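Inside the fold
Residues per chain, in single letters:
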Amino acid sequence: MNIAFVRFIAARLSGDVRGRRRFSFSKGVAFVSVMLGSLALVVSLSVLGGFDESLHNLASQFSSHIQLRSRVSSFISSPERECALLQKQYPQIQVIVPVVQFDGLIFRKGLTEGIVLASALDSATGRSIGIQRHVVDGSDHYSSPEAREVIIGKKLARSLSCKAGDTVMVSLSRNGLADVQSVETVRFTVIGIYESGMAQYDDVYAYAPLHCLQHLISSEVTYASVLHVWIDDERTAGRLALTIEKSSGFALMATTVEELHRGMFSWIELQKKPIPIVLGLISIVAVFNILTTLLISIVEKSSSYAILLSMGISRSHLLAIVAWQGSMLGLVGSLAGCAVAYLFCVLQQQYGLIHLDGQIYFLNTLPVHVAAWQYALVVSLSLTLSLVVTLVPGFIATKIRPVSALRFK
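Residues numbered from 1 in each chain as written. Predicted model: local features only at pLDDT ≥ 70, side-chain atom pairs only at ≥ 80, totals over all residues. Heavy atoms only, no water.

1. Topic: the overall build of the chain
Note the following rule: A run of DSSP states H or I qualifies as a helix once it reaches four residues; a run of E qualifies as a strand once it reaches two. Both are numbered from the N-terminal end. Only protein chains enter the accessibility calculation, which uses a 1.4 Å probe; a residue is then buried when its area is under 20% of its type maximum, exposed when over 50%, and partly exposed in between. Contacts were defined at the residue level, with two residues in contact if any of their heavy atoms lie within 4.5 Å. Working definition of accessibility: Shrake-Rupley area with a 1.4 Å probe, residue cover restricted to the visible protein chains.
For the chain, the count of helices and strands is 16 helices and 13 strands. Residues classed as buried in the chain amount to 48% of the 409 residues present. Once local pairs closer than 6 in sequence are excluded, the contacts in the chain between residues at least 24 apart make up 79%. Accessible area of the chain: about 20,000 Å², with a carbon and sulfur share of 60%.

2. Quick notes on the packing of aromatic side chains
Which entries qualify depends on this criterion: A pair of Phe, Tyr and Trp rings is counted when the ring centres sit within 6.5 Å of each other, with Trp represented by its six-membered ring. The angle between the planes then sorts it: under 30 degrees is stacked, over 60 is edge-to-face, the rest tilted.
Here the structure, examined in full by the defined rule, presents 5 aromatic pairs. Relative to tyrosine 207, the ring of tyrosine 194 has its centre 5.7 Å away and its plane inclined at 65 degrees; by these criteria the two rings are edge-to-face. Remark: tyrosine 207 occurs in strand E10 (residues 205–208) and tyrosine 194 occurs in strand E9 (residues 183–194); sequence separation between them is 13 residues. An identical accessibility class is assigned to tyrosine 194 and tyrosine 207; each is buried. Considering the side-chain rings of tyrosine 205 and tyrosine 207, the 6.1 Å spacing of their centres and the 20 degrees angle between planes classify their relative orientation as stacked. Here a set of aromatic residues connected by ring pairs shows up, and it is made of Tyr194, Tyr201, Tyr205 and Tyr207.

3. Topic: the pattern of salt bridges
Note the following rule: Take a side-chain nitrogen of Lys or Arg and a carboxyl oxygen of Asp or Glu: if they are within 4 Å of each other, that pair is a salt bridge.
As enumerated under the stated definition, the model contains 5 salt bridges in all. Among the salt bridges present, the one from glutamate 245 reaches arginine 71, with a minimum N-O distance of 3.2 Å. Here arginine 71 lies in the loop between strand E1 (66–70) and strand E2 (76–77) and glutamate 245 lies in helix H7 (residues 237–247), a separation of 174 residues in the sequence. One salt bridge connects lysine 163 with aspartate 166, and the closest N-O pair in it is separated by 3.6 Å. Lysine 163 sits in the exposed class, given a relative accessible area of 51%. Residue class for aspartate 166 comes out buried when judged on its relative accessible area of 13%. Here the residues in one salt-bridge network are Arg108, Lys163 and Asp166, joined through shared partners.

4. Here we look at the pairing of strand E7 (residues 149–153)
Stated formally: Strands are labelled as partners when DSSP assigns at least two bridges between them.
Within E7, 5 of the 5 residues are buried, which leaves the element mostly enclosed by the surrounding structure. Sheet topology places E7 next to E9; 5 bridges connect them, and they run parallel. Counted as the bridge partner of glutamate 149 is threonine 189 from E9. Pairing analysis gives 2 bridges linking E7 to E10, with the strands arranged antiparallel. Counted as the bridge partner of isoleucine 151 is tyrosine 207 from E10.

5. Some remarks on the confidence of the model for the chain
Caution applies to low-pLDDT parts of the model: their predicted coordinates are not meant to be read in detail. Counted only if it meets this: Looking at any residue, its pLDDT shows the predictor's confidence there, from 0 to 100.
On average, residues of the chain score 80 in pLDDT, and 81% of them reach the 70 mark or higher. Contacts from residues 122–128, a stretch scored under 50 in pLDDT, to residues over four places away or in other chains number 10 contacts.

6. Looking at the nonpolar core
Cut-off, in case you're wondering: The set of buried Ala, Val, Leu, Ile, Met, Phe, Trp, Tyr and Cys residues whose side-chain atoms join them within 4.5 Å is what this entry labels a nonpolar core.
If you look at the biggest cluster of nonpolar residues, it comprises 42 residues, and the most contacted ones within it are Leu55, Tyr194 and Tyr207. Considering each element in turn, this core owes the most residues, 10 residues, to helix H2 (residues 20–63). One finds Phe75, Leu156, Val168 and Ile193 within the second-largest nonpolar core, a separate group that totals 26 residues.

7. With respect to the side chain of serine 60
Take serine 60: it is sitting in helix H2. Serine 60 sits in the buried class, given a relative accessible area of 6%.

8. Structural notes on helix H6 (residues 210–217)
Within H6, 6 of the 8 residues are buried, which leaves the element mostly enclosed by the surrounding structure. Along H6, the residues classified as buried are Leu210, Cys212, Leu213, Gln214, Leu216 and Ile217.

9. With respect to the packing of helix H12 (residues 315–351) against helix H14 (residues 372–389)
The geometry of a pair of packed helices is captured by two quantities: the angle between their axes and the separation between those axes. Rules: Here an angle of 0 to 180 degrees is reported between the N-to-C directions of two axes, which are lines fitted to C-alpha atoms, with helices fitted over the stretch in contact. Oblique is the label for any angle not covered by the other classes, which are roughly parallel (under 35 degrees), roughly antiparallel (over 145) and roughly perpendicular (65 to 115). Each crossing gets its handedness from the near helix: less than a right angle anticlockwise from the far helix is left-handed, clockwise is right-handed. For this scheme, ten residues count as nonpolar: Ala, Val, Leu, Ile, Met, Phe, Trp, Tyr, Cys and Pro. Four count as charged, namely Asp, Glu, Lys and Arg, and the remainder, Gly too, count as polar.
Their axes nearest at 8 Å, the elements H12 and H14 cross at an angle of 155 degrees. In terms of orientation, H12 and H14 fall into the roughly antiparallel class. Handedness of the crossing formed by H12 with H14: right-handed. Where H12 approaches H14, its residues Ala323, Gly326, Ser327, Gly330, Leu331, Ser334, Leu335, Cys338, Ala341, Tyr342 and Cys345 are matched on the opposing element by Tyr375, Val378, Val379, Ser382, Leu383, Ser386 and Leu387. A class-by-class count of the residues in the contact of H12 with H14 yields 12 nonpolar, 6 polar and no charged.

10. Examining the sheet that holds strand E13 (residues 252–256)
Spatially, E3-E12-E1-E13 is the arrangement adopted by the 4 strands of the open sheet, whose pairing is antiparallel. Either end of the sheet is taken by a strand with one partner, and the two such strands are strand E3 (93–99) and E13. The mean angle between the axes of side-by-side strands here comes to 20 degrees, regardless of whether they run parallel or antiparallel. Judged from the 5 bridges that link them, E1 and E13 form a sheet pairing that is antiparallel. The partner of isoleucine 66 across the bridge, within E13, is threonine 256.

11. Topic: the pairing of strand E5 (residues 111–119)
Note on strand geometry: in a regular strand, side chains alternate between the two faces of the sheet. Here 8 bridges tie strand E4 (residues 101–108) to E5, and the two strands are oriented antiparallel to one another. Each bridged residue has a counterpart across the sheet, and for phenylalanine 107 the counterpart in E5 is threonine 112. In textbook terms, the turn of a hairpin is the stretch between consecutive antiparallel strands, and for E4 and E5 this stretch comprises 2 residues, one of which, lysine 109, has a positive phi near 50 degrees.

12. Things to note about unusual backbone geometry
Excluding glycine, residues mostly carry a negative phi; peptide bonds, for their part, are mostly trans. Backbone geometry places serine 64, a non-glycine residue, at a positive phi of 70 degrees. Mapped onto the elements, serine 64 comes out in the loop between H2 and E1. Even without a glycine there, the phi angle at lysine 109 is positive, about 50 degrees. Accessibility expressed as a relative area gives 71% for lysine 109, which makes it exposed.

Here it is as structure tokens:
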């Protein structure tokens, strides 16, 4: 089959003759339908991928891949020694750091909020739980490892009418229990304000130097509430967590980031299933407009098809001509939709045009993730469906009887 010949005839049949306005209008509707269907499908895949990537990255930065706690005590004694032993025993551990964490109250000028006060290692150690890259105001460097300085979230700062350089009071329990006698109120200086984009951190978590919080527990012995573990492959976190628990005789309780944020990750997994299916059905319906367009073309140009048949063109060539028209319409429409979707994704990544309620959607800005497979999938799907729907009008075109079509021209 001569592809150049098929393409030439298809292009000619897509041009003028009787009924051009109606055919051009229906072709425009089909083009726009396929474009919008492809646009919706690509954007939905990009948004779902963006949620998955952003939530995993931020949760891993702030919560680590695995958290280790003691089953027999509120604190882990000699955490540095424990960290060294675990890192030596498990080479897949990239970073393991001790973290002290308290539940408490933060207040300033009559405004009070509940917080989780956790340790963030200072820059002198060369290790971080990820807070530094999110500081948007003030400094991310503590003046000393024992300094009573704190970095708080942007939403928490707004609730307290607080800015970098202000002083806040924090009430917390030394032993981590709701014991009135152990509650201590400590004055902290706010040196920085961070914004992660995740409401559960920006609203609640405040970070202070490790040694400062350790000295609130004991001035002689070092303690840690939890050990944060980052590994080289997050997918193996569950297996490694179980191995660590067994090797410690279950003295340590290991919690993966997936378990720690089960509700959040279950929500995004739930969204992944119905949304692409629904928008995929919309794309399928959009492609059926190509069928309508080709049927109109055959009705309006039946005499042209009859002339081609009378000139000796084979019915397989005629079927290929119709298929070429439909596939090109589907291909161009899907490419246009993908182009608009890519432009939207780039603008959203750069400028954050669409904002979300972080209390509902976990993130404050709509995340998008651009991946080549998304565009390849949508274009391939549109092209395949376009070819499939051309079978009906193509079959009708091959059944045209030249004598009858030309007689009633």
